[in-house]
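# Descriptive analysis of the structure
The lines below spell out each chain.
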Amino acid sequence: MRIQMPPNTPTVISLRTRPVTIRVRAINSAGSGASSNVVSATTAPAVTVTVPDAPISLSAAPSGSTTINLSWNAPSNNGGASITGYQIEVSSNVRTGWIDLESNTNSGVTGYSHTNLSPNTTHHYRVSAINTAGSGVSSNVVSATTGSSTEALPSAPIQISETASGSTTIVLSWSSPSDDGGAEIRGYRIEGSPNGSSEWTNIVADTGSKTTTYSDTNLSPNTTRYYRVSAINSVGTGDASSVVNATTGPATTIPDAPTGLTATASGSRTIDLSWDEPSDDGGTAITGYWIEVSPDGSSGWTNLVDDTGSRATRYSETNLSPNSTRYYRVSAVNSEGSGASSNVVSATTEPLSEALPSVPTDVSAIASGSE
């Protein structure tokens with residue numbers, strides 16, 4: 001194959017054939033020069049575009065007495081071309097009378113609000129995806145009924161309170177509104193602010209639950225936050241509650257060392273330990289104590305108890321040998337770990353005071369009968 005190109009033509013060749021090989025010669029006024037090296041290429045196969053599969057998981061939910069909100073997921077197969085829009089159809093009875101609510105949304109958005117409806121009316125919906133090949137298969141059919149015209153927004157939640165829990169969490173609690181607006185409460189909006197008067201932002205736009213507690217976590221230590229809560233029913237979001245605030249605790253660290261450790265022998269096999277809690281728990285509660293023991297008080301420390309799992313400040317080591325000396329130190333444990341060790345103390349079990357009995361004396365025997 002010889003391809004002759006006009007002067008000043010970019011050296012790009014487009015072929016719509018099967019695989020070919022190509023070589024090129026330059027031409028000037030003197031004629032055609034020598035051939036280039038030979039190259040080969042294969043044009044890409046034609047792409048067949050089909051209509052997309054059906055959208056997935058269509059759902060419908062009323063919002064007040066005049067609106068129904070639709071939501072769905074894009075098809076798992078777009079037919080080989082991008083989704084450019086959706087066809088939304090509506091019917092009053094499913095079996096007949098399907099009409100276009102939107103013949104083409106001209107958007108990849110997977111949600112739609114059907115507004116200006118009458119109260120207490122039921123509507124059925126189905127959605128189809130659109131690409132360059134056309135409109136695809138319809139989704140599942142869903143229905144929803146608008147609310148009553150007598151329904152209203154709920155009043156504000158009451159008895160809101162807050163409690164800091166450690167250095168990173170604030171726990172909120174409230175009671176449901178005294179007036180639900182004639183429609184069931186289905187969730188709460190929780191807002192936060194750094195000052196309680198402006199910059200309100202949604203911490204949770206809709207909890208989707210009737211639960212009246214919430215934990216705001218992953219906060220920074222020594223952080224003050226202001227809160228307000230609003231109830232949500234089918235009509236919308238009601239008035240906000242009163243504003244409350246709380247401050248997280250200081251940053252937590254490992255606790256200081258326990259103080260006043262003592263050791264006292266109790267007989268020949270037991271040593272009793274006693275100590276006082278650290279003066280600083282590190283900002284979070286003491287959960288237990290780590291007790292170590294050594295034969296000489298300077299080396300060979302081993303764990304007697306890894307973690308007592310208790311705030312009790314006493315411990316007894318039992319089953320010891322008589323006249324043995326033991327050295328001890330204790331560390332407090334909180335959620336951050338084990339703190340510094342206490343002072344070192346020692347005690348020696350008492351010697352064994354009991355001995356074998358002496359030989360019995362004046363032994364005699366008296367016969368009794370013939371046996």
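To be clear, the structure that these remarks concern was listed above.
Here goes a summary of the coordinates provided. The model shown is predicted, which means the values in this text are computed figures rather than measured ones.

## A few points about the sheet that holds strand β6 (residues 68–73)
With antiparallel pairing, three strands are arranged side by side in an open sheet as β5-β6-β9. In this open sheet, the two strands that pair with only one neighbour each are β5 (56–62) and β9 (111–114). With strand direction ignored, the average angle separating the axes of adjacent strands in the sheet is 15°.

## Here's the deal with the side chain of serine 324
Topologically, serine 324 is positioned in the loop between β25 (314–317) and β26 (325–334). Within the local environment of serine 324, its side chain forms a polar contact with the backbone oxygen of serine 321, the two atoms lying 2.8 Å apart. When near neighbours in sequence (up to four residues on either side) are disregarded, serine 324 contacts Ala347, Thr348 and Thr349.

## Points about the sheet that holds strand β21 (residues 259–265)
Read from one edge of the open sheet, three strands run β21-β22-β25, paired in antiparallel fashion. At either margin of the open sheet sits one strand with a lone partner, and together these are β21 and β25. The sheet shows a mean angle of 15° between the axes of neighbouring strands, taken without regard to direction. In terms of strand pairing, strand β22 (residues 271–276) meets β25 through four bridges, oriented antiparallel. Each bridged residue has a counterpart across the sheet, and for isoleucine 271 the counterpart in β25 is glutamate 317.

## Observations regarding the nonpolar core
Ala263, Ile271, Leu273, Trp275 and Tyr328 are the most contacted members of the largest nonpolar core, which totals 16 residues. Residue assignment for this core shows that the elements contributing at least two residues are β21, β22, β23 (288–294), β26 and β28 (345–348). Residues Ile185, Tyr188, Ala231 and Ala246 belong to the second largest nonpolar core, which totals 14 residues.

## Digging into the pattern of salt bridges
Tallying each qualifying case throughout the model produces eight salt bridges. In this structure, glutamate 184 and lysine 210 form a salt bridge, with 2.2 Å as the shortest nitrogen-oxygen distance. Residue glutamate 184 is found in the loop between β14 (169–175) and β15 (187–193), and its partner lysine 210 is found in the loop between β16 (201–204) and β17 (213–216); the two are separated by 26 residues along the sequence. Residue glutamate 184 is classed as exposed on the basis of its relative accessible area of 54%. For the salt bridge of glutamate 292 with arginine 329, the shortest nitrogen-to-oxygen distance reads 2.8 Å. With glutamate 292 in strand β23 and arginine 329 in strand β26, this residue pair connects regions lying 37 residues apart in the sequence.

## Considering the packing of aromatic side chains
The final tally for this structure, using the stated rule, is three aromatic pairs. Ring geometry for tryptophan 174 against tyrosine 188: centres 5.3 Å apart, planes inclined by 65°, an arrangement best described as edge-to-face. Of the two residues, tryptophan 174 sits in strand β14 while tyrosine 188 sits in strand β15, which places them 14 residues apart along the sequence. Here tryptophan 174 matches tyrosine 188 in class, with each residue buried. A cation sits over an aromatic face here: arginine 126 above tryptophan 98, 4.2 Å from the ring centre.

Procedures and definitions
- Residues numbered from 1 in each chain as written.
- Predicted model: local features only at pLDDT ≥ 70, side-chain atom pairs only at ≥ 80, totals over all residues.
- Heavy atoms only, no water.
- Pairing = 2+ DSSP bridges.
- Helix = DSSP H or I, 4+ residues; strand = E, 2+ residues; numbered from the N terminus.
- Axes fitted to C-alpha atoms, helices over the stretch in contact; angles between N-to-C directions.
- Polar contact = N/O pair within 3.5 Å; in protein donor to acceptor, adjacent residues only side chain to side chain.
- Contact = heavy atoms within 4.5 Å.
- Core = buried A, V, L, I, M, F, W, Y, C linked by side-chain atoms within 4.5 Å.
- Buried < 20%, exposed > 50% of the residue type's maximum accessible area, 1.4 Å probe, protein only.
- Salt bridge = Lys/Arg side-chain N within 4 Å of Asp/Glu carboxyl O.
- Phe/Tyr/Trp six-rings, centres within 6.5 Å; stacked < 30°, edge-to-face > 60°.
- Lys NZ or Arg CZ within 6 Å of the ring centre and 35° of its normal.

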